[in-house]
Amino acid sequence: MGRSTMGKSYLPIVQNADNFPYDRDPLETYYQLILAGDPQPHGYLRPETVAAMPWTASFALSHEHPRTVTVLDASHGADSPAAFTRAFQELVDICIARDTFRLIAKRHSEPFTILSYPTNTSNTTTSTTTNSSAATTIVATSPGGMGMGAGAGGSASVVTMERFAAPLFGILLQGAHMIAYVRSRATEDDCGVISGLWIPRRAKHLFSSPNMLDATVAGGIASFTSALDTIIKEAGEEASLPPELVRTRVRSTGLLTYVSSTDAIHGWPGESGLLCPGIVYTYEMELPEDVIPKPHDGEVGSYSLMSVGDVQAALLNNEFKPDAAVVVVDFLIRHGVITAENERNFIQINEHIHRRLPFRVATG
């Protein structure tokens, strides 16, 4: 099904996305983002970002190590999430009006939930682990709880920030990616083998990774939206795939985690050195041979049904958007194309695409 890679490894491909060094402590370089009343960090800011940001009275800065930017609670505990959200929004509005950062590009964007802020402490338990780069506190939802990543509903108790501004604060972002594929079958009952993946080429006008290859469908998960709903919505907008078709055929396959820095992203037009931790919910969907994805909203230039071998070659040639490349590598591992037998860095690859995140992930 696959193609010989002639000894080439996929490790550099996943390292393009998970490129923040494992042995580097973020506190050596970055300011911690603190929400008043919670000592755990919710993001990391570059000193250059801190210096350029038009801070308001809703923020307090400490330049003593460990350096911090604290969002103050104007509600004094009455409605902290709303107060934090208003503080961020006021700041982003000023940045847009003044054109402070290239990353924002004077544009508003949809609100994203700050995942590290607990939304329901009654349903959470806390455990702390330590790795080589930072202590990580994982707040795990009890069986009755539902996280915003895959949950179906929303709550006014979340803290949100506009998506374009989020990398400036180094907060954890989440997205959903889907790979659509087709199988070749000798008979109707034959399970067949994967004969092709529907791979889009991103439009030339996009801010990040223009004209590069991508997952079939992908999008950031906005506040109060589930990963599945994101896939269904983006499938219609990007690939002209009907919601009923997607809902019936799509299959959840897990999630990936990584920590990237924008100074290692080739051709990145925004500010450099921004810390971008990410969670990606992965999906796949087998399509009938007569269903062809078609560009719809202008974000995709074209779709091509690429053979597995051609996809492998494109990956190794760095033709994919970095986070999409991780999703495709994961797909190829899941379907037995990349294995411990043919990939000498198999363990390291899996470590990079399931990285321990540098701060708490809260659900509730």
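Now for a description of the structure that goes with this document. (Residues numbered from 1 in each chain as written. Predicted model: local features only at pLDDT ≥ 70, side-chain atom pairs only at ≥ 80, totals over all residues. Heavy atoms only, no water.)

### Observations regarding the overall build of the protein
Selection rule: Secondary structure follows DSSP: runs of H or I at least 4 residues long count as helices, runs of E at least 2 residues long count as strands, and numbering of each begins at the N terminus. Note on exposure labels: buried denotes an accessible area under 20% of the residue type's maximum, exposed denotes more than 50%, and partly exposed covers the range between, all computed with a 1.4 Å probe on protein chains only. For accessible areas, the Shrake-Rupley method is used with a probe of radius 1.4 Å. Any residue's cover is judged against the shown protein chains and nothing else.
Regarding its fold elements, the protein presents nine helices and 14 strands. Considering the protein as a whole, with its 364 residues, one finds that 53% of them fall into the buried category. Counting only carbon and sulfur atoms, one obtains 52% of the accessible surface of the protein, whose full area is about 15,900 Å².

### A short note on the pattern of salt bridges
To keep it simple, the criterion reads: Put simply, a salt bridge is a Lys or Arg side-chain nitrogen that is within 4 Å of an Asp or Glu carboxyl oxygen.
Using the criterion set out here, one finds 12 salt bridges in the structure. One salt bridge connects Arg163 with Glu110, and the closest N-O pair in it is separated by 3.4 Å. Taken together, the positions of Arg163 in the loop between strand E8 (160–162) and helix H4 (166–169) and Glu110 in the loop between helix H3 (80–98) and strand E5 (111–113) put the pair 53 residues apart, joining distant regions of the chain. Arg163 sits in the partly exposed class, given a relative accessible area of 32%. Here Glu110 falls in the partly exposed class, since its relative accessible area comes to 30%. In this structure, the salt-bridge partner of Lys233 is Glu234, at a minimum N-O distance of 3.5 Å. Judged by its relative accessible area of 11%, Glu234 is buried. Each of Arg251, Glu284, Asp330 and Arg334 takes part in one network of salt bridges that share partners.

### Focus on the side chain of His42
Cut-off, in case you're wondering: Residues adjacent in sequence count toward polar contacts only when both atoms are side-chain atoms; beyond that, a polar contact is any pair of N or O atoms within 3.5 Å, and within protein one must be able to donate a hydrogen and the other to accept it. Residues count as neighbours in contact if any of their non-hydrogen atoms are within 4.5 Å of one another.
Summarising the element assignment, His42 is placed in strand E2 (residues 38–45). Side chain to side chain, His42 and Asp38 meet in a polar contact 3.0 Å long. Within the structure, the side chain of His42 is placed 2.6 Å from the side chain of Ser116, a separation counted as a polar contact. With near-sequence residues (within four places) excluded, His42 lies in contact with Leu33, Leu35, Ile114, Ser116, Tyr117, Gly170, Ile171, Phe359 and Arg360.

### So, the environment of Val291
For Val291, the location among the structural elements is in the loop between strand E13 (275–286) and strand E14 (300–306). The spacing of Val291 and Val182 is 109 residues in sequence and 9.6 Å in space, taken between C-alpha atoms. Filtering out sequence-adjacent residues up to four positions away, Val291 remains in contact with Trp198, Leu241 and Leu245.

### Notes on the side chain of Thr29
Among the secondary structure elements, Thr29 is positioned in the loop between helix H1 (11–15) and strand E1 (31–35). Not counting residues up to four positions away in its chain, the partners in contact with Thr29 are Arg24, Arg46, Pro47 and Arg67.

### Describing the environment of Asn350
Relative to the helices and strands, Asn350 resides in helix H9 (residues 346–353). Residue classification places Asn350 among the partly exposed positions, given a relative accessible area of 22%. With 24 residues separating them along the chain, Asn350 and Val326 place their C-alpha atoms 10.0 Å apart.

Honestly, that's just the spatial picture; any functional story needs more than this.
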